Each structure stands twice: as C-alpha cells, then as structure tokens.
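# Structural description and commentary
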Amino acid sequence: MPSPPSAKEPARDTVAAASVPVLHPLPATNDTTVPDLVCFAHLHWDFVWQRPQHLLSRFAQQGRVFYVEDAFVHPDQVEPHLEIKDRQNGLKVVVAHLPHGLDEAHSNQVQYELLARFFGENSIENYIFWYYTPMALDKSRQFKPLLTVYDCMDELAAFKFAPPALREREQELFGKADLVFTGGHTLYEAKSQQHRDAHPFPSSIDKDHFGQARQEMPEPADQAGIAHPRIGFFGVVDERLDIELLGALAEAHPEWQFVIIGPVVKIDPASLPRTANIHYLGGKDYQELPAYLRGWDVATLLFADNESTKFISPTKTPEYLAAGRPVVSTPIRDVVRPYGDLNLVHIASTADEFTQGIEKALQQHQDADWRQRTDEYLGTISWDLTWEQMVKLMQDRIGRKTNPTSEDSAASPTPDERL
C-alpha cells in the first residue's frame, strides 16, 4: 500500500490522479436512514486509488461521505477556509486552507472551527467518524459521532517522516474507537492486543477491473518499445522498495527488462538504480494499470525487509493475480500467508532466490493448475464483500449503542477495558 504523502511529495495537483473504477451496484443497508460518514485521512484522495477509495466510494453509494484531508498550508497569508471537491458517487473531499505561520495548536483549533461550521451548514448531525490517521484527533476530538471506526491500513508510526506523537494519538484513538479494522492479518495480530473489537480486513480485489489484462488490450505507448521478458512492479516508490535488490537483479540479468510504475515519494530519485534495463515510467492512472500488466511476463513485490514493511498487506498481490500474471515476492508476512502457503506466489528472500523465482514464473503462464487454483482463491475475496462485512459490523454496533440492553451493555467493552 502506498505510504502517506510527505512534505517532500510534489504538490497535490501534480501527483498522478486516480480515476474511479466501475463500481457494481451494492445491496441496500438494513437501515432506512444511513448516517453520514466523515473520514479523516493522511492520503490525498487524488494520489493513488487504493483501500480508502475502494471502500469509501462504495459507502458513497448509500449515503453522504466527506473525506477530510490534511490541511493545505499556503506560503503567504490567506483567510482560513474549506475547499470542497466533488468526487465519485457524490463523495466530497474537504480540504482546509490555512495561512503560513500557525502553530500546531492554533492550526488544529482553526480546522475544528471550520469543520464545525461546515457541519452546521450542511446538516451533518447523525454521523460516523472513520479514521485513517490518529493525528486527526487533534482537530476532531470535540465532536460527538454516533460511531467511531479506526481503519488501520498500515503501521504508520514505522513510516519515514512519521509524526513523533503518532503512537500516543493512536492509543487515544483506541480508547475512542467502537471498531478497529486492520489492513491485514499481521497488523491485526498487533492491534487486537490493544482493542477488544478489532477485525482483520486484508487487501481485496476488483477482479473485473484487473481481469481486463487477460484480454486483448492496446499496448501503452511508453511500454510498447520495451523488449521481453518484462519484469514489472507498480506502486509508490518509497522507502519500502528494495532498491538494492532491484539493482542487483538488473545487473545480473541484462536480458530482463524491469518496468517500474509509480510516483517516487520520500526518497531521492538519484538513489534509484539506473541500469539500461530498468524503465521508470512514473505514476499511472488506475484505469491504465491492466493494459500495463497485460504486457508483463512476471509481476513482482520488491519490498525491503525493514520496519515500514513489517505489517503491510499489499493490495497489488491479488491485483497481479487477477491480471493473470505470475508473481514473485519478498517474504512479506501477509503475502506468505496465504499466497505463498497456497503456492500461488513465489517467495524469495535473496537475490539468488528471486532470480530462481522469476525463472520459474516465466514458465508459469501455461500452468492451468496454478491458474485454476488462483482463480478459486480470488473468488473468495472482493471489495464489495469487504464493504458488506464492514457495514454489518457497524450496523450491529450502532444498534447496541442506540438500543442498549443489559446483555448488550455487558458484552460491549468500555474504553478502559479496550486498552
């Protein structure tokens, strides 16, 4: 999964924007009145299309969704105000614009006041708070949501440039949250020790979208001239990418062409290996990815073994497989379990093992048994199913809070008990 944008990331309008996939109609929720959902996120909506966009665009088919991004601080003096941007299915992206020079406490107070005014003007009265970053508590803790959900998609405290106060804020959020969802099983094992109502929801898949790569598609112009075999990777190029492994593989196998798709964030582009057989094609639109995947012979997860990758559950694993591409990955726990254990993905710890994995994967396209087993597993997961399961849990917790019984009250943990 992509890491949060940082101060070193290009301005929001210059980052390759994601576009909406075709969403399937969703079943109606049981309630006739759907609460508004207010999401506090560390990722720009238009950065890359991933977990927040998959889930919240589905919520927006049922009710109002407001996606609150980090504030945009201007280099000069401006009047504090909110910018509202319309996105998929009526979702509203909410961005506070602030003048330069505000200290952290003043900045958070101004953002709270802007949001409180916005809530009043838009009759946001019955609402759920959905957090991707605990740091948003500083501008939101004075509100009284009907339900609080922490969708913990990554161990953010382990990422480069993480705020020093993040761990402390996360503990506060555990105390406030009614539900905690995690982006993978490894992360669940850690967070379930800190909250009694935690549930794992690993990276899922839009099979129809990535399944297009199994059909005839035009070759993207910037990839068409690259020779085969092509070894591909897409995702944010940051501290999680094992650039030493990439460089070693490229030098050892000049006959292989490495196609790297994604924006470079938080690392110096000059640090990337630059052999003639490595092709950095930059960020691409979500809609374009199947066409690139179709042209690859092998897809890879070239992740380093460091603190920032310990808890990740890469969305690209099932996306690669849905595209029909053989996959080689470093031993990320949420890739090993289940994909490696089911012999759907080759797992490699060293450059030599990765070479062997690629060599095997290059012969895998005609393996009907692998393809059948892969499709059987992919048939058990989808973003629609994840959304439905999350909604059921949320409806249950709202029901307990609005219609409490002695049995429900006894079963529900208090904030102190959750810690």
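To start, this report covers the structure provided alongside it.

About the cut-offs
Residues numbered from 1 in each chain as written. Predicted model: local features only at pLDDT ≥ 70, side-chain atom pairs only at ≥ 80, totals over all residues. Heavy atoms only, no water. Helix = DSSP H or I, 4+ residues; strand = E, 2+ residues; numbered from the N terminus. Polar contact = N/O pair within 3.5 Å; in protein donor to acceptor, adjacent residues only side chain to side chain. Contact = heavy atoms within 4.5 Å. Axes fitted to C-alpha atoms, helices over the stretch in contact; angles between N-to-C directions. Left-handed = near helix turned anticlockwise from the far one by under 90°. Nonpolar A, V, L, I, M, F, W, Y, C, P; charged D, E, K, R; others polar. Pairing = 2+ DSSP bridges. Core = buried A, V, L, I, M, F, W, Y, C linked by side-chain atoms within 4.5 Å. Buried < 20%, exposed > 50% of the residue type's maximum accessible area, 1.4 Å probe, protein only.

Moving on: unusual backbone geometry. At the junction of His 228 and Pro 229, the peptide bond is cis and its omega measures out at 0 degrees in the coordinates. With respect to the helices and strands, the residue Pro 229 is situated in the loop between helix H6 (221–224) and strand S10 (230–234). If you check the backbone angles, Asn 343 has positive phi at about 60 degrees while not being a glycine. Within the secondary structure, Asn 343 sits in the loop between helix H10 (333–340) and strand S15 (346–347).

Looking now at the side chain of His 199. Within the secondary structure, His 199 sits in strand S9 (residues 198–200). A polar side-chain atom of His 199 sits 2.7 Å from a polar atom in the side chain of Asp 197. The contact partners of His 199, leaving out residues within four places of it in the chain, are Leu 179, Val 180, Phe 181, Thr 182, Tyr 188, Leu 393 and Arg 397.

With that settled, the discussion passes to the packing of helix H1 (residues 51–59) against helix H13 (residues 383–402). Any two packed helices are characterised by the angle at which their axes cross and by the distance between the axes. H13 packs onto H1 with a crossing angle of 65 degrees between their chain directions and a minimal axis gap of 10 Å. Crossing geometry of H1 relative to H13 is assigned as right-handed. Packed against H1, whose contacting residues are Arg 51, His 54, Leu 55, Arg 58 and Phe 59, the element H13 presents Trp 383, Asp 384, Thr 386, Trp 387, Met 390, Val 391 and Met 394 at the interface. Classifying every residue of the contact of H1 with H13 gives seven nonpolar, two polar and three charged.

Another aspect to go through is the sheet that holds strand S14 (residues 327–329). Taken in spatial order, the six strands make up an open sheet running S12-S11-S10-S13-S14-S15, and their pairing is parallel. Strand pairing shows two members of the sheet lacking a second neighbour, strand S12 (278–282) and S15, which therefore form its edges. In this structure, S10 lies alongside strand S11 (residues 257–261), joined through five bridges in parallel fashion. The partner of Arg 230 across the bridge, within S11, is Gln 257. Here helix H11 (residues 351–361) sits on the sheet in contact with S10, strand S13 (298–301), S14 and S15, set at roughly 170 degrees to S14.

Attention shifts here to the nonpolar core. Counting 88 residues, the largest nonpolar core has Leu 56, Trp 130 and Met 394 as the members making the most contacts within it. Excluding its chain neighbours within four sequence positions, the residues that come into contact with Trp 130 are Leu 37, Val 38, Cys 39, Phe 40, Leu 55, Leu 56, Phe 59, Val 149, Asp 151, Phe 181, Met 390 and Met 394. In this structure, Phe 66, Val 68, Phe 118 and Tyr 127 belong to the second largest nonpolar core, which totals 25 residues.

Those residues of helix H7 (residues 243–252) that sit buried are Ile 243, Leu 245, Leu 246, Gly 247, Leu 249 and Ala 250. In this fold, the buried residues of H7 make contact with S11, S12 and H11.

The next point concerns the pairing of strand S1 (residues 36–40). With respect to burial, S1 is a largely interior element, five of its five residues being buried. Residues of S1 alternate between two faces, with Asp 36, Val 38 and Phe 40 on one and Leu 37 and Cys 39 on the opposite face, all of them buried. Both S1 and strand S6 (residues 127–131) contribute to a ladder of five bridges, which runs parallel. Bridge pairing in S6 places Asp 36 opposite Tyr 127. The sheet contact formed by S1 and strand S2 (residues 65–68) spans four bridges and is parallel. Within S2, the residue paired with Val 38 across the bridge is Phe 66.

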